Amino acid sequence: MEQNFNSKLQWFLLLLLFFTSFSRSADAYKNYTVGDSLGWFDNLEKPTVNYGKWVAGKNFSLGDFLIFNTDNNHSVIQTYNFSTYKSCDYDNALNNDTIQWSSTDPSSTSVYPVSIAVPLLKVGTTYFFSGDYDGEQCENGQNFKINVTHGQGLPRSLRDPSDDDSEAPMSPISGDDESVPDTIVPASFDHPHEVSDDSPEPSNSISLLAFSKFFGTKLNWIFVVVGLVFSIC
């Protein structure tokens, strides 16, 4: 009797492990801390930083966030224009292709930390660089490009309210504007946090309900299978 019960229990645990293994998916929204523990700086300040190496092997999708940990002497410029990126200069950037997420603060008498969360809102190639000090920081390694895929699309909290299916940038501003656009982080999304080099990649998860819908079924069939296993045993 006891042996039969143990056999059923083992089958149940194996089934549970099998189904929970589907709870990992590459489609989950992610936070990426740019440069990991080195942050967002140029090679003159941090000689070992290498953003090309940091980007390698990562998959960026709509709805993901890039977290820039830097200070008030470095800016965060996002552009979809290769010419702007190549020139390390955003002064003549167009309103619809370049966003200044953070600017330097030359009036400050002291250096203070700055953290900027940038959502990925458009499919395709996106460029980032620090655009101040006549392009010196950009020319000294503070730049990178990424390719953004559709993934599971934008969450509702990041979509343009005038067009629910829009995947265009949120009201980008020109490089001449000193204001910084607000960053809208989805309420259901983990708030940005610093990640060290030794920290694991953010976990990828999707509910079993989503998995079951993919196969045109409901979660109830899991319990049916478990019941059949118990009846056979």
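Look up: the structure comes first, before these words.
Bear in mind the structure is a predicted one, so any value in this text is a computation, not a measurement.

Here is what the cut-offs are and how they apply
- Residues numbered from 1 in each chain as written.
- Predicted model: local features only at pLDDT ≥ 70, side-chain atom pairs only at ≥ 80, totals over all residues.
- Heavy atoms only, no water.
- Buried < 20%, exposed > 50% of the residue type's maximum accessible area, 1.4 Å probe, protein only.
- Helix = DSSP H or I, 4+ residues; strand = E, 2+ residues; numbered from the N terminus.
- Pairing = 2+ DSSP bridges.
- Axes fitted to C-alpha atoms, helices over the stretch in contact; angles between N-to-C directions.
- 1 Å grid on protein atoms, 1.4 Å probe; cavity = no way out; pocket = protein on both sides within 12 Å on 5 of 7 lines; lining within 4 Å.
- Points joined across faces, edges and corners; volume = space filled by probe spheres on them.
- Nonpolar A, V, L, I, M, F, W, Y, C, P; charged D, E, K, R; others polar.
- Polar contact = N/O pair within 3.5 Å; in protein donor to acceptor, adjacent residues only side chain to side chain.
- Phe/Tyr/Trp six-rings, centres within 6.5 Å; stacked < 30°, edge-to-face > 60°.
- Lys NZ or Arg CZ within 6 Å of the ring centre and 35° of its normal.

The next subject is the pairing of strand E6 (residues 113-119). Among the 7 residues that make up E6, 5 are buried, leaving the element largely enclosed by the rest of the structure. Bridging between strand E3 (residues 65-71) and E6 involves 7 bridges; their strand directions are antiparallel. By the bridge assignment, Leu66 is partnered in E6 with Val118.

Bringing the sheet that holds strand E1 (residues 31-33) into the picture now. Taken in spatial order, the 3 strands make up an open sheet running E1-E3-E6, and their pairing is mixed. Looking at which strands have only one partner, the edges of the open sheet turn out to be E1 and E6. Along the sheet, successive strands turn relative to each other by an average axial angle of 25°, direction set aside. The sheet contact formed by E1 and E3 spans 3 bridges and is parallel. Bridge pairing in E3 links Asn31 to Phe65.

For the rest of this paragraph, the subject is the layout of surface pockets. Where empty space is left becomes clear once a probe the size of a water molecule has been rolled over the atoms. Roughly 180 Å³ of internal volume is contained in the second largest pocket. In terms of lining residues, the second largest pocket is bounded by 11 residues, among which Asp36, Leu38, Asn50, Lys53 and Trp54 are the most central. Classifying every residue of the lining of the second largest pocket gives 4 nonpolar, 3 polar and 4 charged.

Our next topic: unusual backbone geometry. The residue Cys88 is not glycine, and still its phi comes out positive at about 55°. Its location among the elements puts Cys88 in the loop between helix H3 (82-87) and strand E5 (98-102). Not every positive phi belongs to a glycine, and Tyr133 is a case in point at roughly 55°. Residue Tyr133 is classed as partly exposed on the basis of its relative accessible area of 42%.

With that out of the way, let us pick up the side chain of Ser130. Examined against the element boundaries, Ser130 turns out to sit in the loop between strand E7 (124-129) and helix H4 (136-139). Take Ser130: its relative accessible area is 0%, and that puts it in the buried class. Looking at Ser130, its side chain comes within polar contact range of the side chain of Gln137, at 2.6 Å.

Once that is clear, we can look at the sheet that holds strand E4 (residues 76-79). Spatially, E2-E8-E7-E4-E5 is the arrangement adopted by the 5 strands of the open sheet, whose pairing is mixed. Looking along the sheet, the strands with just one partner apiece sit at the ends: strand E2 (60-61) and E5. Looking at chain direction, E2 and strand E8 (residues 143-149) are connected through 2 bridges and run parallel. Residue pairing in the sheet places Ser61 in a bridge with Thr149 of E8.

In this section: the packing of aromatic side chains. Going through the model one piece at a time under the given rule, you end up with 14 aromatic pairs. The interplanar angle of 55° and the centroid separation of 4.7 Å between the aromatic rings of Tyr32 and Phe60 together place this pair among those described as tilted. Here the residue Tyr32 occupies a position in strand E1, and Phe60 occupies one in strand E2, the gap between them amounting to 28 residues. Each ring, one from Trp54 and one from Phe144, has its centre 5.8 Å from the other, and the planes form 70°; the classification is edge-to-face. Here Trp54, found in helix H2 (residues 51-55), pairs with Phe144, found in strand E8; they are 90 residues apart in sequence, far enough to count as distant. For the residue pair Trp54 and Phe144, the accessibility class agrees, reading buried in each case. Over the face of the ring belonging to Tyr80 we find Lys122, whose NZ or CZ atom lies 4.7 Å from the ring centre.

In this section: the pairing of E8. Across the two faces of E8 the burial differs, with Phe144, Ile146 and Val148 buried and Asn143, Lys145, Asn147 and Thr149 not buried at all. Bridge analysis of E7 against E8 gives 6 bridges, and the strand direction is antiparallel. If you follow Phe128 over to E8, its bridge partner there is Phe144.

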